[in-house]
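Spelled out, the chains give:
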Amino acid sequence: MSMIAAFYGGKSILITGATGFMGKVLMEKLFRTSPDLKVVYILVRPKQGQTLQQRVFQILDSKLFEKVKEVCPNVHEKIRAISADLNQNDFAISKEDMKELLSHTNIIFHCAATVRFDDHLRHAVQLNVTATQQLLLMASQMPKLEAFIHISTAFSNCNLKHIDEVVYPCPVEPKKIIDSMEWLDDAIIDEITPKLIGDWPNTYTYTKALGEVVVQQEGGNLNIAIIRPSIMGATWQEPFPGWVDNLNGPSGLIIAAGKGFLRSIRATPMAVADLIPADTVVNLTLAVGWYTAVHRPKSTLVYHCTSGNLNPCNWGKMGLQVLATFEKIPFERAFRRPNADFTTNNITTHYWNAVSHRAPAIIYDFYLRLTGRKPRMTKLMNRLLRTLSMLEYFVNRSWEWSTYNTEMLMSELSPEDQRVFNFDVRQLNWLEYIENYVLGVKKYLLKEDMAGIPEAKQHLKRLRNIHYLFNTALFLIAWRLLIARSQVARNVWFFIM
Ligand SMILES: CCCCCCCCCCCCCCCCCCCCCCCC(=O)SCCNC(=O)CCNC(=O)[C@H](O)C(C)(C)COP(=O)(O)OP(=O)(O)OC[C@H]1O[C@@H](n2cnc3c(N)ncnc32)[C@H](O)[C@@H]1OP(=O)(O)O
Ligand SMILES: NC(=O)C1=CN([C@@H]2O[C@H](COP(=O)(O)OP(=O)(O)OC[C@H]3O[C@@H](n4cnc5c(N)ncnc54)[C@H](OP(=O)(O)O)[C@@H]3O)[C@@H](O)[C@H]2O)C=CC1
C-alpha cells in the first residue's frame, strides 16, 4: 500500500492554478491514486462565456481524466470550484467560501502564476508575489493546515550558474517592490523595470524569485516546502505518455518546426536541455506534500525537480530527435518541409532569419495577395521571431542544480511509493520521451488524427518536389544571367554541352 496515497485519503486539498498545465496533471494523479480524498478546492477565475462548472466539466471531459473516471466515478462531486481572482483583494472569494476554505483545508498546492516572460512587472508582481503573500496569510488562519507547497521554478535564480536548494535573497526586498507597485504609475514602472530585474532575463523569473523570498519570510510557523521544476514538458508515463495542452516551453516550437515555419533557432547544441516531464513534477510535489506534513522539517526545504545533473540531454540531441520523429509522424498541412537547424552567432542568425523566415513569408503573402486572400504569414513569422528571441536566453546556457533534498526524499520513500510516485529521472529514456512528446503535441495540442499521416506524408513529398523545382528554376535563372555576362561561364556551358 502506498503511504503517500493513503495520506491524501480523507483530506481537503486546496489547489491554485488547477486549470493550468501542471494543475490538471496534479488533480488527475491525486484522484487516481487517492480516490477517497475528501474534497479538492480549486480557485478558479471566471472566464468569458464559461461558468466555473463549465470550466470544471471541460477539464473532466478531457482524455486526461479518462482513467480517473474509472477509479473515482464521483470525481465531479469531489471538486469544489471556488470563484476567485488572485489579482483581487482577498482573491474576491465570497465570505461563505472563505469560511469553508479556512476551516477545512489540510494541504495547499500553490501552482497559480503568470508564466509569460514579457508580462508587465506590475501584473507579474501581483500574481507571483502579492498573491503568494495573501495566500500565506490565508494559510496562517487555517487551523487544520498540515502543509503549504509552493511551486516555483528552477530558473528563479537563473542569474546564477550553480544553484543550491536554498532561497537566495533578492537585491530589493519583495515588500518594498509590492509597496512601490501600489503608487508608481505604469510609465515609471516600465522605465525602472530593467534596473529592478537586473541580471534576471525577464519579469517572470524575477518575480518567481521574489515569491520565494516572500514564502520564506512570511511563512511563519507553517510547514512549507518550495518546489523548483525546470522546463516542464509533456507527461512521460502517466496517465499516458505525451500529454500536453499548452504552447509553453518547447511545445510551441515543436509545432513551429513541424509545420515548417521554424527553420533556424539560435541555440547552443551542447547546452543542457533541462526538461522535466509534468508527471515527474507532480509525483515529486505529492511526495513533498506528504513528507512536509508528516515529518515537519524544521526549516523550509527547497526541492529541485530537474534532469540535468542526473540524466542530461542537450538541445542538439533533442532537436535531432524532434526532426527524426517528424519523418515518422509528420504534422498535417505543413507550410514547408520540417528542416530546422541551430545557429550559433548573430550574423548567421540574422542571415537565416532573413532567408529562411522573412523571405518565404513575404513570398507567400505576395502569393496570397495575388490570389485575392488576406496576407498573414509575415505577421505570424514576426511573432515566431519574437518568441525565439524570448527563449534564446534559455537555450544558450547551462545551469547546475543540486538535488540533495530531492534525492533525500527519494530515499525516504518506501519501494511502493518510489514506484507509484516515481520522480527518478535517471530512468527516463530521452529518445523515447521526445518521440512521445512530439506525438502528444500532434494528438492533444494540434488535435490531428493519426489516420491523416499518409496524407501528411504525401503533402511533404509535394512540398519537396516544389522545393526542388523552385531551386532548379532559381539555379537556371542565375546560370542564364551568368552566361549572358561571363565568357568563362559560356565556355563551361559549351564544354558541358
Ligand atoms: C539540429 C536540429 C535542430 C532542430 C531544431 C528544431 C526543433 C525545435 C524544437 C526544440 C526547440 C526547443 C526550444 C525550447 C526552448 C524552451 C525554453 C523555455 C525556457 C523556460 C524557462 C522557464 C520555465 C518556467 O519556469 S515557466 C514556463 C515557461 N513559460 C513560457 O514558456 C511562456 C513563454 N511565452 C511567452 O512568454 C509569450 O507567449 C511570448 C512572449 C513568447 C509571446 O507573447 P505574445 O504576446 O507575442 O503572444 P501570445 O499572445 O502569448 O501568443 C501569440 C502566438 O504565439 C503562440 N505562442 C505562444 N507561446 C509560444 C511558444 N512558446 N512557442 C511558439 N508559439 C507560441 C500563441 O499560441 C499565439 O498564436 P496564435 O496563433 O496567435 O494563437
Ligand atoms: N510550465 C513550465 O514549464 C513551468 C512552470 N513552473 C511553475 O509551475 C506552476 C504552474 O505552471 P503552468 O501550469 O505551466 O502554468 P499555466 O499558465 O498553465 O497555469 C497557470 C494557472 O494559474 C491560473 N491563474 C493565472 N492568473 C490567475 C488569477 N488572476 N486568478 C486565479 N488563477 C489564475 C491560471 O488560471 P486560468 O486557467 O484562468 O488562466 C492557471 O490555472 C507555475 O507556478 C509556474 O511558475 C515552473 C517551471 C516550469
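Predicted model only: the values in this text are computed from it and were never measured.

> Any chance you could explain the overall build of the chain here in plain terms?
Scanning the chain for helices and strands turns up 20 helices and 13 strands. Its C-alpha radius of gyration of 26 Å places the chain within 12% of the 23 Å reference for a compact globule of 497 residues. Counting only C-alpha atoms and orienting by the principal axes, one finds that the chain spans roughly 95 × 55 × 45 Å. Of all 497 residues assigned to the chain, the portion counted as buried reaches 53%. In the chain, the share of contacts with a sequence separation of at least 24, taken over all contacts with a separation of at least 6, comes to 84%. In the chain, 55 positive and 46 negative side-chain charges are present, and the distance between their average locations comes to 10 Å.

> Looking at this structure, I do not really get the side chain of R55. What am I missing?
The residue R55 is located in helix α3 (residues 52-60) in this model. No salt bridge is formed by the buried R55. Its closest oppositely charged neighbour is D245, at 9.1 Å. Ignoring sequence-local partners within four residues, the contact set of R55 consists of T19, V44, R45, K47 and Q50.

> Got a minute to help me understand the UniProt feature "domain: Thioester reductase (TE)" (unreviewed entry) in the chain in this structure?
The UniProt record marks residues 15-284 with the feature "domain: Thioester reductase (TE)" (unreviewed entry), using the residue numbering of this structure. Helix makes up 43% of residues 15-284 and strand 14%, and the two end C-alpha atoms of the span are 16 Å apart.

> How should the packing of helix α14 (residues 346-370) against helix α15 (residues 377-395) be read in this particular structure?
For any two helices packed against each other, the geometry is given by the interaxial angle and the distance between the axes. Between α14 and α15, the least distance of the axes is 8 Å, while the angle of their chain directions is 155 degrees. Comparing their axes, α15 and α14 come out roughly antiparallel. Classified by chirality, the crossing of α15 by α14 is right-handed. Residue-level inspection shows T349, N353, H357, R358, A361, I362, Y364 and D365 of α14 in contact with α15, the latter providing M377, T378, M381, N382, L385, L388 and E392.

> I would appreciate a short explanation of the site of ligand 2 in the present structure.
Inspection of the region around ligand 2 gives 26 residues, with T19, R55, Y204, K208 and S230 positioned closest. Y204 places a polar side-chain atom, nitrogen or oxygen, 2.6 Å from an oxygen atom of ligand 2. Considering ligand 2 on its own, with 890 Å² of exposed area, one finds that the protein chains cover 90% of that surface. If you list the elements that add at least two residues to the shell around ligand 2, you get α2 (21-33), α10 (203-218) and β8 (231-233). Residues belonging to the shell around ligand 2 are distributed by class as follows: 14 nonpolar, eight polar and four charged.

> Would you explain the packing of aromatic side chains in this entry?
The geometry of an aromatic ring pair is captured by two quantities: the separation of the ring centres and the angle between the planes. Across all of its chains, the model carries 24 aromatic pairs by this definition. Residues F21 and W243 carry aromatic rings whose centres are separated by 5.9 Å and whose planes lie at 25 degrees to one another, so their mutual orientation is stacked. Residue F21 is located in helix α2, and its partner W243 is located in the loop between β8 and α11 (250-258); the two are separated by 222 residues in the primary sequence. Just as F21 is buried, W243 falls in that class too. Judged by centre distance (6.2 Å) and plane angle (70 degrees), the rings of W479 and W493 are edge-to-face.

> Help me understand the sheet that holds strand β7 (residues 224-229) in this model?
Within a sheet, adjacent strands bond to each other through the backbone by hydrogen bonds, running parallel or antiparallel. The seven strands lie next to each other as β3-β2-β1-β4-β5-β7-β11, forming an open sheet whose pairing is parallel. Edge positions in the sheet fall to β3 (79-83) and β11 (301-305), since each of these pairs with one other strand and no more. Between one strand axis and the next, the sheet turns through 20 degrees on average, direction left out of account. The pairing of strand β5 (residues 147-151) with β7 spans four bridges and is classified as parallel. Bridge pairing in β7 links F148 to I224.

> What exactly am I supposed to notice about a nonpolar patch on the surface here?
A cluster of nonpolar side chains, contributed by V488, V492, W493, F494, F495, I496 and M497, occupies part of the molecular surface with about 840 Å² of accessible area. With respect to the helices and strands, I496 occurs in helix α20 (residues 487-496). The exposure class assigned to I496 is exposed, which follows from its relative accessible area of 55%.

> Can you walk me through the site of ligand 1 in this structure?
Close contacts around ligand 1 come from 30 residues, with R116, F117, Y204, L247 and R383 the closest. Between V115 and ligand 1, the recorded distance is 3.2 Å, taken from a backbone N or O atom to a nitrogen atom. Contacts to ligand 1 include T153, whose side-chain N or O atom sits 2.9 Å from an oxygen atom. Its free accessible area being 1500 Å², ligand 1 has 80% of it covered by the protein chains. Of all the elements in the fold, those that place two or more residues in the shell around ligand 1 are α11, α13 (315-328), β12 (341-343) and α15.

Criteria and cut-off values
- Residues numbered from 1 in each chain as written.
- Chains lettered and ligands numbered in written order.
- Predicted model: local features only at pLDDT ≥ 70, side-chain atom pairs only at ≥ 80, totals over all residues.
- Heavy atoms only, no water.
- Helix = DSSP H or I, 4+ residues; strand = E, 2+ residues; numbered from the N terminus.
- Rg over C-alpha atoms; globule rule 2.2 N^0.38 Å.
- Buried < 20%, exposed > 50% of the residue type's maximum accessible area, 1.4 Å probe, protein only.
- Contact = heavy atoms within 4.5 Å.
- Lys, Arg positive; Asp, Glu negative; His and termini not counted.
- Charge placed at Lys NZ, Arg CZ, Asp CG, Glu CD.
- Salt bridge = Lys/Arg side-chain N within 4 Å of Asp/Glu carboxyl O.
- UniProt positions renumbered as here; feature names shortened; annotations may be inferred.
- Axes fitted to C-alpha atoms, helices over the stretch in contact; angles between N-to-C directions.
- Parallel < 35°, antiparallel > 145°, perpendicular 65-115°, else oblique.
- Left-handed = near helix turned anticlockwise from the far one by under 90°.
- Near = heavy atom within 4 Å.
- Polar contact = N/O pair within 3.5 Å; in protein donor to acceptor, adjacent residues only side chain to side chain.
- Areas by Shrake-Rupley, 256 points an atom, 1.4 Å probe, with all protein chains shown as cover.
- Nonpolar A, V, L, I, M, F, W, Y, C, P; charged D, E, K, R; others polar.
- Phe/Tyr/Trp six-rings, centres within 6.5 Å; stacked < 30°, edge-to-face > 60°.
- Pairing = 2+ DSSP bridges.
- Patch = residues over 30% accessible without salt bridge, like charges linked within 9 Å, V, L, I, M, F, W, Y side chains within 5 Å.

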